[in-house]
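Each chain, written out:
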Amino acid sequence: MAEILTRLTSLPARSQSPHGVHNEKYDSQIRDLISYLKQPAKPSEIGNASQYLLDNLVPSEHSLSYLYVLNYRIQSIQNSTKNILPDDILPGGYSWERAVLFLQQFDPIQMRYAGQEWRNLVHLVSQAALAVSKPLLAVQIIKDCILKMDPHSRVFTSIHLVLVRLCLLSKSYGHALPVLDRQIYLFPTITGQAYQKHHRHMPCAVHESSDAFIIDDSEFSSKLTYRDCLQYLLYGSMIYMALKQWSKAQYCLSMVMASPVTNSVSKIMVEAYKKWILVSLLGHGRLTPEPGIIASHVTRIYQSLTKPYASVAEAFERGDYRGLIAEIEIAQSVWCMDNNLGLVSQVIRAFPGFMVTKLGKTFCALTMQDAAYRVSGCLPSQEIEQFVACTIMSNMLDAVLLHPPNNNGHTMLRLAHGAKSRLSQERRVQCQLISVDQSFHVLANTVDQSNIELDLGNDHFQFLQKSQRWVDHAGKIGRGFPAGNVNAADTDEDIMSDLH
Amino acid sequence: MNQTSLSLEQISTALTEAAKPSDLYDTLAKYESPALFLSTASDKESEVLSVFYSTFFFSHLLTDQIYEARAMTQRMPQDLAQKDPSLQNCLTLLRAVWQQNHEQIYRILRDLPWPDPLQSVVKSYDTYFQEKTLKEVSRAYEAIKPAAAAGYMGLDQTAAEKGDPAVLQRFTACGWTWDEQAGLLYPKLMEEASQQDDAKLYHDVSQILAMLGKGGSR
């Protein structure tokens, strides 16, 4: 056992490897260790001594060895108990404790060489937490794992889907935000493309973008389907809805709705459209236009399948409270069947707030008595001042209230106050600018990266120009090209030749 | 930290060592997994769970995470939530905060019995909520009756209506103006813009414009 341990501890973490060890050398050390661990006799040999080895390995330094030993241990217990989730891997068991410790401390550089094993362990932890009905146990661990492997979380993997699903099941919505709020715009890179032959990335090297090592061959993700992507966005939108972040929820839903289709739309897209209508009412108080990139025939399909939702939106926009209640009551079974009852009930509660906000379009100021009269259907008149004050306090309404002097008269509501909230408007614009700025940076970096990969970068063009000048110069002084190949130097096409 | 252990001492240390509410929230968020290993069948563990979830609930309120606080109340052991007085108080408080019922909030914080380990965090939230409400009222009202203002701030409304100087002084100390003839308080807008914010805004916007300019000239 001591001999195995010596071999398993021979590879230090990249950060602790002796100064000057080249990527090539470290890469070959890792590959040697993996070959050793994958020898046919090793799984049973290591599995038998797993407890001793795990107790003597440091997960942050000997991550690769630790992962293989842990996986061999789990496999051996699974085989002996004929159970995929034996007690040892369930929360509280020895393997569970070790798996959690490992996932909290692993070295991300070493893990670039063991994507599949790493993913299997993450999936197992999630299944074990679900098996004891405590999905929250896996949520924080998996979130940290994703951000450790891919700090910018740019590449979409099957682990992302696992995370958002667990967050929904455990009702721990806030934990999903550090991942959900990032701009994910890549799938694991498909290897074997012609342009990649010139750019072979060594996993242990420093990479600007995680798509250099999160590739299909490394198997950090199981095979992704069209459905996985839509599910991630739909679940993401549901998390934003739970946190009442309506604009982000609407953005996720619009991406699902606008997914490319050939003939027909999928059920998940229709589900997204239904939620999108309700979220639009909750976020804006009206039905916002559908994203422009949705094909008109797709929009028509959506509209034909979501008639009750359209009726609710119509009544809401008309400001017809009774009509709204009637439409909602008629289609009770629809909301239940679609699991949208919660959103629909929120639409009813949000109605008075938007009615008060709408007053600002017609009036500059009015007494509280008048305001009560105009929203009388949906709000008891005794509570109107309290309601309006809370609406202003929660930044939903831009207005101020004035009590009358000496209790003579009614409280005044002065709408579209504007000046007072200029600062908050500026702050809002600032936030939007910063968010767009971040998106621009991500976009610009990606374009640059693609240019480099495709040899379209400025550096490459400058190199070509220099080469061209050198060729021209060599041609003029009569050297550099063998006889009969002089025309090869004349590669600069004269596009004006027909005018000479 | 052991993944399966949580004690009253740990919660107490988190409370005393947290420099700001977000620190308290971050620490307690890490304790939620160990809390899942405790059983409500044991009296001792039930006590730890009660103090943990109550403190965690207040840490949500202190960081203005009302929706997350609601989700947390759905995550805590429901059998304990139904019988534990502290957690019952938390649920009543959540309802009042959700409905923005100011008078009810102060009543719950001040009149309901809270166990000793929670006294400090309850007091912190009372102070925090008063300060937050003062800012919100100053934004919502241009002129307000003292009794109404006192209601929002959890002060004695009857005394405020009679023009009690002690109550009025609480508002005038914050820059509000008292007009005795009209019987009204004129709030001072408390949303101040620091120069640092402006400088940051200017810097951020300049960077964005510079980047756009660079992109456009390509």
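Here the structure is a predicted model, which means the values were calculated and not measured.

The rules we used
Residues numbered from 1 in each chain as written. Chains lettered and ligands numbered in written order. Predicted model: local features only at pLDDT ≥ 70, side-chain atom pairs only at ≥ 80, totals over all residues. Heavy atoms only, no water. Helix = DSSP H or I, 4+ residues; strand = E, 2+ residues; numbered from the N terminus. Buried < 20%, exposed > 50% of the residue type's maximum accessible area, 1.4 Å probe, protein only. Contact = heavy atoms within 4.5 Å. Polar contact = N/O pair within 3.5 Å; in protein donor to acceptor, adjacent residues only side chain to side chain. Phe/Tyr/Trp six-rings, centres within 6.5 Å; stacked < 30°, edge-to-face > 60°. UniProt positions renumbered as here; feature names shortened; annotations may be inferred.

**Thoughts on the overall build of chain A**
Argument step 1. Looking only at helices and strands, chain A has 23 helices and 3 strands in total.
Argument step 2. Considering chain A as a whole, with its 500 residues, one finds that 46% of them fall into the buried category.
Argument step 3. For chain A, the share of sequence-separated contacts (at least 6 apart) that also reach a separation of at least 24 residues comes to 68%.

**Some details on the side chain of Thr157(A)**
Residue and element names in this part refer to chain A.
Argument step 1. Mapping Thr157 onto the fold places it in the loop between α9 (136-149) and α10 (158-170).
Argument step 2. The exposure class assigned to Thr157 is buried, which follows from its relative accessible area of 6%.
Argument step 3. Looking at Thr157, its side chain comes within polar contact range of the side chain of His160, at 2.9 Å.
Argument step 4. If we ignore the near neighbours within four places in the chain, the residues touching Thr157 are Ile214, Ser221 and Leu224.

**Some words on the packing of aromatic side chains**
Argument step 1. Per the stated rule, a full pass over the model turns up 25 aromatic pairs over all chains.
Argument step 2. Taken together, a centroid distance of 5.7 Å and an interplanar angle of 70° make the contact between Trp118(A) and Phe220(A) edge-to-face. Placement of the pair is Trp118(A) in helix α8 (residues 115-131) and Phe220(A) in the loop between α11 (177-180) and α12 (226-242), with a sequence separation of 102 residues.
Argument step 3. For the ring pair Tyr125(B) and Phe129(B), a centre distance of 5.8 Å and an interplane angle of 40° mean the geometry is tilted. Of this pair, Tyr125(B) and Phe129(B) are both found in helix α8 (residues 119-140), 4 residues apart, which corresponds to roughly one turn of the helix.
Argument step 4. Residue Tyr125(B) is classed as buried on the basis of its relative accessible area of 3%.
Argument step 5. Judged by its relative accessible area of 5%, Phe129(B) falls in the buried class.

**A word on the UniProt feature "domain: CSN8/PSMD8/EIF3K" (unreviewed entry) in chain B**
Argument step 1. Summarizing the sequence annotation, UniProt attributes the feature "domain: CSN8/PSMD8/EIF3K" (unreviewed entry) to residues 51-187 of chain B in the numbering used throughout.
Argument step 2. Taken end to end, residues 51-187 of chain B comprises 69% helix and 7% strand; its first and last C-alpha atoms sit 38 Å apart.

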